[in-house]
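# Descriptive structure summary
Residues per chain, in single letters:
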Amino acid sequence: MKYILVTGGVISGVGKGVIASSFGTLLKSCGLDVTSIKIDPYINIDAGTFSPYEHGEVYVLDDGGEVDLDLGNYERFLDVTLHRDNNITTGKIYQLVIEKERKGEYLGKTVQVVPHITDAIQEWVERVAETPVRGESKPQVCIIELGGTIGDIEGMPFVEAFRQFQFRVKRENFCCAHVSLVPSPSSTGEPKTKPTQSSVRELRGFGLSPDLIVCRSEKPIGSEVKEKISNFCHVAPDQVICIHDLSSIYHVPLLMEQNGVIEFLNERLQLNIQPSKREKCLQKWKDLARRSETLRKTVNIALVGKYTKFKDSYASVIKALQHAALAVGYNLNLNFIDSSLLENETLQDAPSKYHKEWQLLCESDGVLVPGGFGSRGIEGKIKACKWCRENRKPFLGICLGLQAAVIEFARNVLGLEDANTTEINPKTANPLVIDMPEHHTGQMGGTMRLGKRTTIFSEEPSIIKQLYGNPKTVDERHRHRYEVNPKYVPQLEEQGLRFVGCDDTKQRMEVIELRNHPYYVGTQYHPEYLSRPLKPSPPFLGLILASVGRLPNYIARGCRLSPRQQSDASSDEDDLQITAKINNLKLNGGSTFLTPNGLCRAGGELFLNGTSSVEASDTESGSKPLNGGGV
């Protein structure tokens, strides 16, 4: 097993996660199986009880592990399935050691940081590094990111553990990469190397000598700066890699490859990468980066949430939207709207903020309401759901977003004015959303419905089912404490809010879809966790396609993107020509097609324009026209 340790200096948030992911991407593209470990020195057992403002989003794995958002980077870059043990915290290590001490496994010895804590860290790393993350094959390289910065008191046991670990696994199997900031003060504009020198000196003082120094900077830095860092940090000039701010993170692996990282790691870790494999490296990433640079059209999406002041609170949602927009050939312009500013109280207290946020919402092409907890901002989310429903604006609700859409529909369509969730009002007369048996009041960590679960689609056709490829079931990741009350489902469906997906007990509602609407979808699960750069999540892809008016053509093509749809070079006129060609499609003998209005069986010509109708002998949806451009 080969190990690459990634440490950070000067400041936190310097980009260690993307750098570590890029190392993995380079090696994986050369045919190696790669796994990743993230070490967070905080004492929390996991990230499950964090506020999003504290540490960004909580990323959920297949096994229900609530982990640091950097594991999301690893899964997206490497397209692997990690496990809860791939995230190590001080809390987990100390809990493990204390449990052993209570069982008497240390035979009465005094339990100390060295050797007991450091040994536990090394044993954990070796065990997890052997765990398959892609099929059944055993990983060949393990990339370990040590969170925080060198010198943090919380991280000292981990630094000492890896000082010992490098001798435990032998030098040819261990490599250390140090990521450091090279600032350029505006007063001089000159890159300053002193922070990096101090950081490396401190790392070396703890017994770890970096094999690579990755310099992060706002702008590219010259060779003289690299040579200076080389001289003062005891590394060769070609071991200093400069990664400046780039337009897209997809360029980071490419820039590292241009700097000879593959050649260095191949020699340093004796990876035996064949030249033929090296030449074919990263072709998909190169295509992806090239496409991201050639987009000219923009889609405007409004994200209506309660943690909008900190973008990392919605890291996976943002990435999923970007993946979908890139697949369709559009740049994503994401407008963050604080849901509490959409409420009537804001109109009274700060009318300018109220109208500004509503203007952003109204000018958007599509709206996304993500998950969250607590009462703040919930009424604003409900108002956003109502506006999208009434104005036929493409809408995607996730977790709490689905619940808000159900509450809004019950209030304004069913006439249940006091409809609410028991999370906000436990005494409501109409509890549309209720807590689950798994939810234990008073104990927060790990008491939700977590991890990958199966959703069963109903037999009736739906847009969301088609986006997934018409499967009977789909597996997605969950993280919620509350769910739709099944008691109200018949009333809601009678008025047009269809529950097209549920769990295997048929008591938990998983997916909603509104009749007679271009795209109004809600999921109780979190589809963003399984979105990948080259495999965008179907619910997000549907939102983007509907927002740019291309969903009907996409479904008409059998849910395949045409070259014109993937390229921004296509114009609206091209889309109209495609639609016109499909309009002339003759259907012999009658066929069944899904429209936003329901199921239509057409015996003659099928028209896909929003203003057209079906020339049919009969329609199973009551001879309704294809409003909204369905197919």
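Quick caveat, the model's predicted, so the values are computed rather than measured. (Residues numbered from 1 in each chain as written. Predicted model: local features only at pLDDT ≥ 70, side-chain atom pairs only at ≥ 80, totals over all residues. Heavy atoms only, no water.)

### Examining unusual backbone geometry
With omega at 20°, the peptide bond leading from V114 into P115 counts as cis. With respect to the element layout, P115 can be found in helix α5 (residues 113-129). Phi is positive for H234, close to 65°, though the residue is something other than glycine. Position of H234 among the secondary structure elements: in the loop between α8 (223-233) and β9 (240-244). (Helix = DSSP H or I, 4+ residues; strand = E, 2+ residues; numbered from the N terminus.)

### Here's the deal with the pairing of strand β19 (residues 497-502)
Along any regular strand the residues' side chains alternate between the sheet's two faces. A large share of β19 lies buried, amounting to six of its six residues. With two bridges connecting them, strand β16 (residues 449-457) and β19 associate as antiparallel partners. Within the sheet, the bridge partner assigned to I456 lies in β19 and is C502. Bridging between β19 and strand β20 (residues 509-514) involves five bridges; their strand directions are antiparallel. (Buried < 20%, exposed > 50% of the residue type's maximum accessible area, 1.4 Å probe, protein only. Pairing = 2+ DSSP bridges.)

### Overview of the pattern of salt bridges
Going through the model one piece at a time under the given rule, you end up with 30 salt bridges. For K38, the salt bridge goes to D40, with nearest N and O atoms at 3.1 Å. Put simply, R102 and E101 hold a salt bridge, and the shortest N to O gap is 2.7 Å. One continuous salt-bridge network, built from bridges that share partners, spans D62, E75, D79, R134, K452, R477, R532 and K535. (Salt bridge = Lys/Arg side-chain N within 4 Å of Asp/Glu carboxyl O.)

### Remarks on the confidence of the model for the protein
Mean pLDDT for the protein: 84, with 86% of residues reaching 70 or above. Per-residue pLDDT stays below 50 along residues 569-574; that stretch engages in eight contacts with residues further than four places along the chain or on separate chains. The low-confidence segment residues 576-631, where pLDDT is below 50, has 111 contacts with residues more than four positions distant or belonging to other chains. (pLDDT = per-residue confidence, 0-100. Contact = heavy atoms within 4.5 Å.)

### Re the nonpolar core
F23, L27 and L265 are the most contacted members of the largest nonpolar core, which totals 51 residues. It is helix α1 (residues 16-29) that provides the largest number of residues to this core, a total of six residues. Discounting residues that sit within four places of it in the chain, L27 has contacts with I4, L32, V34, V141, L265, L271 and I273. Ranked by size, the runner-up nonpolar core spans 41 residues in total, among them Y314, L396, C399 and L541. (Core = buried A, V, L, I, M, F, W, Y, C linked by side-chain atoms within 4.5 Å.)

### Quick word on the packing of α1 against helix α9 (residues 251-258)
The interhelical angle for the contact between α1 and α9, taken along N-to-C directions, is 65°, at an axis separation of 9 Å. For the element pair α1 / α9, the angle class is roughly perpendicular. In the packing of α1 onto α9, the handedness of the crossing is right-handed. Listed contacts from α9 to V18, I19, S22, F23, T25 and L26 of α1 are V252, P253, M256 and E257. Considering only residue class, the contact of α1 with α9 consists of seven nonpolar, two polar and one charged. (Axes fitted to C-alpha atoms, helices over the stretch in contact; angles between N-to-C directions. Parallel < 35°, antiparallel > 145°, perpendicular 65-115°, else oblique. Left-handed = near helix turned anticlockwise from the far one by under 90°. Nonpolar A, V, L, I, M, F, W, Y, C, P; charged D, E, K, R; others polar.)

### Considering a nonpolar patch on the surface
A cluster of nonpolar side chains, contributed by Y94, I98, V113 and V114, occupies part of the molecular surface with about 320 Å² of accessible area. Among the elements of the structure, α4 (90-102) and α5 are those that each provide at least two residues to the nonpolar patch. Following the sequence through the fold, I98 ends up in helix α4. Overall, the relative accessible area of 48% leaves I98 in the partly exposed class. (Patch = residues over 30% accessible without salt bridge, like charges linked within 9 Å, V, L, I, M, F, W, Y side chains within 5 Å. Areas by Shrake-Rupley, 256 points an atom, 1.4 Å probe, with all protein chains shown as cover.)

### A look at the sheet that holds β19
Across the sheet, which stays open at both edges, the nine strands sit in the order β11-β10-β12-β13-β21-β20-β19-β16-β17 with mixed pairing between neighbours. The two strands at the open ends of the sheet, each matched to only one other strand, are β11 (331-338) and β17 (473-480). Here the strands of the sheet are splayed against their neighbours by 25° on average, with no regard to which way each runs. Pairing of strand β12 (residues 366-369) with strand β13 (residues 395-398) involves three bridges; the strand directions are parallel. The partner of V369 across the bridge, within β13, is G397.

### Thoughts on the environment of E66
Here E66 is to be found in strand β4 (residues 66-67). Classification of E66 as buried rests on a relative accessible area of 2%. In sequence terms E66 and G48 are 18 residues apart; their C-alpha atoms lie 5.2 Å from each other. At 2.8 Å, the side chain of E66 and the side chain of R479 are in polar contact. (Polar contact = N/O pair within 3.5 Å; in protein donor to acceptor, adjacent residues only side chain to side chain.)

### Details of the side chain of H480
As for its position among the elements, H480 is in strand β17. The class for H480 is buried, based on a relative accessible area of 2%. In terms of polar contacts, H480 uses its side chain to reach the backbone carbonyl oxygen of Y482, at 2.9 Å. Ignoring sequence-local partners within four residues, the contact set of H480 consists of C399, M436, M448, R449 and Q524.

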